[in-house]
Each structure stands twice: as structure tokens, then as C-alpha cells.
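If you want the building blocks of each chain, they are given just below.
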Amino acid sequence: MCDHHDLPVFLVGLLEHSPWTFQQGGRTWKYLDGEWREIPEADRFLLTQTEGQLWIALHQSLLNPDMIKKYYLNDFRKNRLLRVTSLMNEVLLDQLPVLADLQRYLHTLSFTETNMPKRGLILEQTPVIREKILAHNSTSWEVLAHRHVDILSADQGLLKVIAGKMAGVYTTDNIDPILPQPAKCACCGHPAKSRCSGCKMEWYCRRECQVKQWSKHKASCAGLSEQL
């Protein structure tokens, strides 16, 4: 179940989108005991039973020796798992101290190389895109695919231009506006407006929170900055 159904990534998705919580007009509701209840602002970051169970399940699925040895870690899974680090702030760790082990594991994971193949062409078929391409072309999919590979293989300069354009699309400045939820401060958990200028990974709501968090973030920031 851990590897075949990708349980850790599934849990990260639930924690990231938190379907048991919604906000409207500055008010917060959480799904508790079979009904939606409005949560006072002072209790907004208190964990519900559902959230606590999901965090413990993620902790067990990644740190249990019997489960992790069966879990094949690739770049996709690594990047998805690391997204949960933005949710792991002091407020969360105070409520579930056991998650400190999970935080250390994810910190180590950020510096770990995965066993992805270094060579070869990997094509991922996306049905929606395929249908649109075929709708505007009279030739078959196989002919289009071979033509595309021939173009890329024959002109390395063109390949570099395309790669440069794609890299420009997936910058943090372009991705941030389309995120499903606003970023949260790594220190206090409140909505954040600015990110660390070094690693571009952690967010802060104000200067005081960034200064307070620096002693914990310094080591990982230096390592991530070297990779950028």
C-alpha cells in the first residue's frame, strides 16, 4: 500500500489542501464530529483529530523501517513530500512533538539524491494535451512524436532555447500566484507575504518571524542555496 498506492504522497496532498477547513470573509470553519463548526481566531491553528491522525500516519509511513524499505523514492515523490515542510512550523511541533523526527527526515531528504536514471528520454503521456494536438493535426500521433524527437535531436541549439523558455515558465514568481492556498509563515503559521531570499523555500509574515526562525533555518537555507 505504501509504494503501490503511494500513501505518503496521498497524505501530503490531504495535509496540503486540508479539505476539512475552509475560510470565508475572514472566518474559519472546520469539519468536526460530522458537522462544520466555526473556529475562533485564537484556535485556528489547533489541530483537529483528523489532522493529528494524518500527521501521525505520514510520520509512520516515512519513518517505520518496515514500510520505508518498500518505498521507492524518485524525484517526483521527493518533491511532493518536501512540499509538506511549509506546514511544519513551531505551532504544529508544539502540539505534536513527535513530528520533530519527521522534520529532520525531510531536511535530510532535501539533500538526498534519488535513484532516477541519468540518461534516456522519458515521455509522459497526458491524454488532454494529446487530444488537443491530434484535433489540430491530420497526421497520426506516432508521426508527430517521431517528428518532434527528430527536431530536438538534430538541433541542440533549439533544444537549449526550448529548455530555457520552459525554465522561465516554472519560476517561483510565476508559480506562486496559482498556488491553491496562500503560503504560511514558517514561524507562526499566519499567512505570509515574503519568502527567504536565499533558498526561496520558506515564507514569513514579517521580519520578526524571519529573525526568530533563522537559527533553525540557517543550515537548510545554506544547503538549498548552493543547489539553486
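Described below are features of the structure shown in this document. (Residues numbered from 1 in each chain as written. Predicted model: local features only at pLDDT ≥ 70, side-chain atom pairs only at ≥ 80, totals over all residues. Heavy atoms only, no water.)

Things to note about the overall build of the protein chain
Of the regular secondary structure elements, the protein chain holds eleven helices and five strands. Burial status across the protein chain gives 29% buried among its 228 residues. Within the protein chain, contacts between residues separated by at least 24 positions form 54% of all contacts whose residues are at least 6 apart in sequence. Surface summary for the protein chain: the accessible area is close to 15500 Å², and the carbon and sulfur share equals 57%. (Helix = DSSP H or I, 4+ residues; strand = E, 2+ residues; numbered from the N terminus. Buried < 20%, exposed > 50% of the residue type's maximum accessible area, 1.4 Å probe, protein only. Contact = heavy atoms within 4.5 Å. Areas by Shrake-Rupley, 256 points an atom, 1.4 Å probe, with all protein chains shown as cover.)

Focus: the pattern of salt bridges
Taken as a whole, this structure holds nine salt bridges when the rule is applied. Between Arg37 and Glu35 there is a salt bridge, with its nearest N and O atoms 3.0 Å apart. Assessed through its relative accessible area of 33%, Arg37 is described here as partly exposed. (Salt bridge = Lys/Arg side-chain N within 4 Å of Asp/Glu carboxyl O.)

Considerations on unusual backbone geometry
A positive phi angle, near 40°, is found at Ser18, a position not held by glycine. Tracing the backbone shows Ser18 in the loop between α1 (7-17) and β1 (21-24). Among the residues examined, Ser18 registers a relative accessible area of 11% and is labelled buried. Here the phi dihedral of Asp33 falls at roughly 55°; this positive angle occurs in a residue that is not glycine. Positionally, Asp33 belongs in the loop between β2 (27-32) and β3 (35-39).

A look at the packing of aromatic side chains
Across all of its chains, the model carries three aromatic pairs by this definition. When the ring of Phe22 is compared with that of Trp29, the centres are 5.1 Å apart and the planes differ by 5°; the resulting orientation is stacked. Between Phe22 and Trp36, the aromatic rings sit 5.1 Å apart at their centres with planes inclined by 75°, giving edge-to-face as the arrangement. Of this pair, Phe22 sits in strand β1 while Trp36 sits in strand β3, and the two are 14 residues apart along the sequence. Exposure remark for Phe22: the relative accessible area of 33% places this residue in the partly exposed category. (Phe/Tyr/Trp six-rings, centres within 6.5 Å; stacked < 30°, edge-to-face > 60°.)

Here's the deal with the pairing of β3
Pairing geometry for β2 and β3, over five bridges, is antiparallel. Across the sheet, residue Tyr31 finds its bridge partner in β3, namely Trp36. Hairpin connection of β2 to β3: two residues between the antiparallel strands, including Asp33 at a positive phi of 55°. (Pairing = 2+ DSSP bridges.)

Some points on helix α4 (residues 75-82)
Regarding α4, the residues found buried are Arg77, Lys78, Leu81 and Leu82. Along the axis of α4, the buried positions cluster into a sector of 130°, meaning they face one direction only. Elements in contact with the buried residues of α4: α1, α2 (49-63) and α6 (99-109). With a side-chain oxygen positioned 3.3 Å from the backbone nitrogen of Phe76, the residue opening α4 is Asn74. (Arc of directions from axis to C-beta. Polar contact = N/O pair within 3.5 Å; in protein donor to acceptor, adjacent residues only side chain to side chain.)

Description of the packing of α2 against α6
Taken N-terminus to C-terminus, the directions of α2 and α6 make an angle of 50°; their axes are 10 Å apart at the nearest point. Considering their axes alone, α2 and α6 lie oblique with respect to each other. Where α2 crosses over α6, the two elements pack in a sense that is left-handed. Listed contacts from α6 to Trp55, Leu58, His59, Leu62 and Leu63 of α2 are Leu99, Asp101, Leu102, Tyr105 and Leu106. Residue composition of the contact of α2 with α6, grouped by class: eight nonpolar, one polar and one charged. (Axes fitted to C-alpha atoms, helices over the stretch in contact; angles between N-to-C directions. Parallel < 35°, antiparallel > 145°, perpendicular 65-115°, else oblique. Left-handed = near helix turned anticlockwise from the far one by under 90°. Nonpolar A, V, L, I, M, F, W, Y, C, P; charged D, E, K, R; others polar.)

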